[in-house]
Amino acid sequence: MRRTAALLTALALTLLLAGCTGGGSDADDGRITLRFQSLAWQDESVRANKELVREWNAEHPDVQVEYVQGSWDSVHDQLLTSFEGGEAPDIIHDASDDLADFAYGGYLADLTDLLPERLKSDIPQRSWETTTFGDGVYGVPFLQEPRVLIANTALLEKSGVRIPTPERPWSWPEFRQVTERLSGDGRYGVAWPLKEPVSATLNLSLSAGGQLFHRGADGRVTVRFEEADQVVPRTIHDQANTDRSASSSTLGSSGSDTLPGFFAGKYAMVPLGFSYRQQIEQQAPEGFDWQVLPAPAGADGLTQGVSPQTLSIAEDSEHQKEAAEFIDFLLQPENMVRLALGDWMLPTGTQALKDPALRTAEHGWATGTALAAHLRSAPAQSVRGYPEWKDKVATPALQEYYSGAIGLDELRDRLEEDGNLVLARYQR
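Overview of the structure. (Residues numbered from 1 in each chain as written. Predicted model: local features only at pLDDT ≥ 70, side-chain atom pairs only at ≥ 80, totals over all residues. Heavy atoms only, no water.)

Here's the deal with the packing of aromatic side chains
Part 1 of the argument: One pass over the structure, following the stated rule, counts 22 aromatic pairs.
Part 2 of the argument: With centroids separated by 5.3 Å and ring planes inclined at 75°, the aromatic side chains of F262 and F288 adopt a geometry described as edge-to-face. Residue F262 is located in helix α11 (residues 255–263), and its partner F288 is located in the loop between α12 (276–283) and β12 (290–294); the two are separated by 26 residues in the primary sequence.
Part 3 of the argument: Overall, the relative accessible area of 0% leaves F262 in the buried class.
Part 4 of the argument: Ring pairs connect the aromatic residues F36, W56, Y67, F326 and F329, which therefore count as one cluster.
Part 5 of the argument: A cation sits over an aromatic face here: R277 above F274, 3.6 Å from the ring centre.
Part 6 of the argument: Looking at R277, its charged tip hangs above the ring of W365, at a distance of 4.1 Å from the centre. (Phe/Tyr/Trp six-rings, centres within 6.5 Å; stacked < 30°, edge-to-face > 60°. Helix = DSSP H or I, 4+ residues; strand = E, 2+ residues; numbered from the N terminus. Buried < 20%, exposed > 50% of the residue type's maximum accessible area, 1.4 Å probe, protein only. Lys NZ or Arg CZ within 6 Å of the ring centre and 35° of its normal.)

Okay, here's the thing in structure tokens:
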């Protein structure tokens, strides 16, 4: 009986350890199993991802992929825990602005020599810059979305304002004038949903030539809130506090929170990420006519920053070569189109962007595709300490500035002085 108990205990321990190991596993017959953690959440996107996994598995009996559902809400902390515990999935879906600390921390594999030339050449260098840290590439940028203006067509037509196009967009001063013309009778020209104000402000500021983060010859990054960086935040502040053409009540809201007021005609326009079009199409009342307009342009035209969705490989994965082959399959041009359509976003691949389904006027696809060439790496992409700077310094400072609680000079002092103290701790 003691021998039987000992055998059962050993078996239980073996099963427990097997359940705690990360990455893929090997069956007795030599078959490899890779774990792919996806953050897809919309029904169309989840369906597209799962279909592609099934297609891969049908064609590769010796290398099977297990689909693991993750969540954007907790991905950073969940990944950090899995990395430190040796339980990370082989293939990791994330966003490029979340990769810096993982890359520098040695948790992600350098993909430079793992990826095929087809994939390297199909995705433009400007996109690869979002996942390049030091001398290595730690993710494949595959989906991206510009910020656009979602507009109430009837209100625009009634006002008689000029309708912007990617070829002839509004300037930031013209945008401010337009929102004034669209305001009145209890209606606002624009609703800025700025519950998370930092990325929106920084990414749109690239159009005005803003950079904010400056890297010296010694590699150290400092914050300088210069004239070009002030164009976008000053516009938003003046719309909300001087012109009263922007609703102050939405400054602490998410994009979804603004949609009921938008559908009710309370707001003529809402600046949102391109993928919000799916939510609008699903929720808009019958007969509501909306359109997609490019964000305003500045000294650098329509340029804006993005943090693409990415696919990475865990450094601890025992099957990096097979994981890279799965990524290559997942991001074949026709498959990249399927993923983009499922998420209502834009693919990074030049071949996929040529697909007619992404160039139709319906739902503003053509407008978004026209903006793809203007997307650049977000300013904070490779800045170590950015998450803390964003949460502890920039978010509260921008929220107070947009609400009118502090002025531009105090905003600059807090972003620079307090911000540089935070960043210095990560650059010693």
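Observations concerning the sheet that holds strand β8 (residues 147–152)
Part 1 of the argument: Taking strand neighbours across the sheet as the criterion, the 3 strands line up as β11-β8-β12 in an open arrangement whose pairing is antiparallel. The strands lining the two open edges of the sheet, one partner per strand, are β11 (269–273) and β12. On average, adjacent strands in this sheet sit at an angle of 35° to one another, irrespective of strand direction.
Part 2 of the argument: Taken together, the 5 bridges between β8 and β11 define a ladder with antiparallel strand orientation. Residue V148 lies in a different strand from β11, and its bridge partner there is L272.
Part 3 of the argument: Where α11 meets the sheet, its contacts fall on β8, β11 and β12, and the angle it forms with β11 comes to roughly 150°.
Part 4 of the argument: Against the sheet, α12 contacts β8, β11 and β12, and its axis sits at roughly 165° relative to β12. (Pairing = 2+ DSSP bridges. Axes fitted to C-alpha atoms, helices over the stretch in contact; angles between N-to-C directions. Contact = heavy atoms within 4.5 Å.)

Focus: the nonpolar core
Part 1 of the argument: One finds F36, V140, F326 and L331 to be the most contacted residues of the largest nonpolar core, which totals 60 residues.
Part 2 of the argument: Excluding residues within four positions of it along the chain, F36 makes contact with N49, V53, V65, E66, Y67, V68, I91, H93, L311, F326 and L330.
Part 3 of the argument: If you look at the next biggest cluster of nonpolar residues, it comprises 47 residues, including L182, V198, A246 and L411. (Core = buried A, V, L, I, M, F, W, Y, C linked by side-chain atoms within 4.5 Å.)

As for the pattern of salt bridges
Part 1 of the argument: All chains considered together, the criterion is met by 16 salt bridges.
Part 2 of the argument: In this structure, E226 and R224 form a salt bridge, with 2.9 Å as the shortest nitrogen-oxygen distance.
Part 3 of the argument: Of the charged contacts, one joins R412 and D409 as a salt bridge, the two residues approaching to 3.2 Å between their closest N and O atoms. Note that R412 and D409 are positioned in helix α18 (residues 408–424) at a spacing of 3 residues, about one turn of the helix.
Part 4 of the argument: A relative accessible area of 24% means that R412 is categorised as partly exposed.
Part 5 of the argument: The class of D409 is partly exposed, set by a relative accessible area of 49%. (Salt bridge = Lys/Arg side-chain N within 4 Å of Asp/Glu carboxyl O.)

Considering the packing of helix α8 (residues 172–181) against helix α10 (residues 227–243)
Part 1 of the argument: Put simply, α8 and α10 touch, their axes get as near as 10 Å, and they point 20° apart. As far as their axial angle goes, α10 and α8 are roughly parallel. Seen along the crossing, α8 lies across α10 with a hand that is right-handed. Touching W172, F175, R176, T179 and E180 of α8 are V231, V232, T235, D238, Q239, T242 and D243, all from α10.
Part 2 of the argument: Taken together, the residues that form the contact of α8 with α10 break down as 4 nonpolar, 4 polar and 4 charged. (Parallel < 35°, antiparallel > 145°, perpendicular 65-115°, else oblique. Left-handed = near helix turned anticlockwise from the far one by under 90°. Nonpolar A, V, L, I, M, F, W, Y, C, P; charged D, E, K, R; others polar.)

Description of the packing of helix α17 (residues 386–403) against α18
A pair of packed helices is captured by two measures, namely the crossing angle of their axes and the spacing between those axes.
Part 1 of the argument: Where α17 meets α18, the closest approach of the two axes is 10 Å, and the angle between their N-to-C directions is 170°. The angle between α17 and α18 places the two elements in the roughly antiparallel class. Mapping the contact onto sequence places Y386, E388, W389, V393, A394, P396, A397, L398, E400 and Y401 in α17 and L408, L411, R414, L415, D418, G419, V422 and L423 in α18.
Part 2 of the argument: Among the residues making up the contact of α17 with α18, the classes are represented as 13 nonpolar, 1 polar and 4 charged.

Remarks on unusual backbone geometry
Part 1 of the argument: The phi torsion at R244 lies on the positive side, around 60°, for a residue other than glycine.
Part 2 of the argument: By the secondary structure assignment, R244 is in the loop between α10 and α11.
Part 3 of the argument: On the basis of relative accessible area, R244 is assigned to the exposed category, the value being 53%.
Part 4 of the argument: Positive phi is not limited to glycine here, since W344 has a value of about 55°.
Part 5 of the argument: As for its placement among the helices and strands, W344 is situated in the loop between α14 (333–343) and β15 (346–347).

Quick notes on the environment of R384
Part 1 of the argument: One can find R384 in the loop between β16 (375–377) and α17.
Part 2 of the argument: Separated by 50 residues in the primary sequence, R384 and E334 place their C-alpha atoms 35 Å from one another.
Part 3 of the argument: Excluding its chain neighbours within four sequence positions, the residues that come into contact with R384 are D101, Y104, L423 and Y426.
Part 4 of the argument: At 3.4 Å, the side chain of R384 and the side chain of D101 are in polar contact. (Polar contact = N/O pair within 3.5 Å; in protein donor to acceptor, adjacent residues only side chain to side chain.)

Concerning a negative patch on the surface
Part 1 of the argument: Together, D110, D113, D135, E315, D316 and E318 make up a negatively charged patch on the protein surface.
Part 2 of the argument: Assignment of secondary structure puts E315 in the loop between β14 (309–313) and α13 (320–330). (Patch = residues over 30% accessible without salt bridge, like charges linked within 9 Å, V, L, I, M, F, W, Y side chains within 5 Å. Areas by Shrake-Rupley, 256 points an atom, 1.4 Å probe, with all protein chains shown as cover. Lys, Arg positive; Asp, Glu negative; His and termini not counted. Charge placed at Lys NZ, Arg CZ, Asp CG, Glu CD.)

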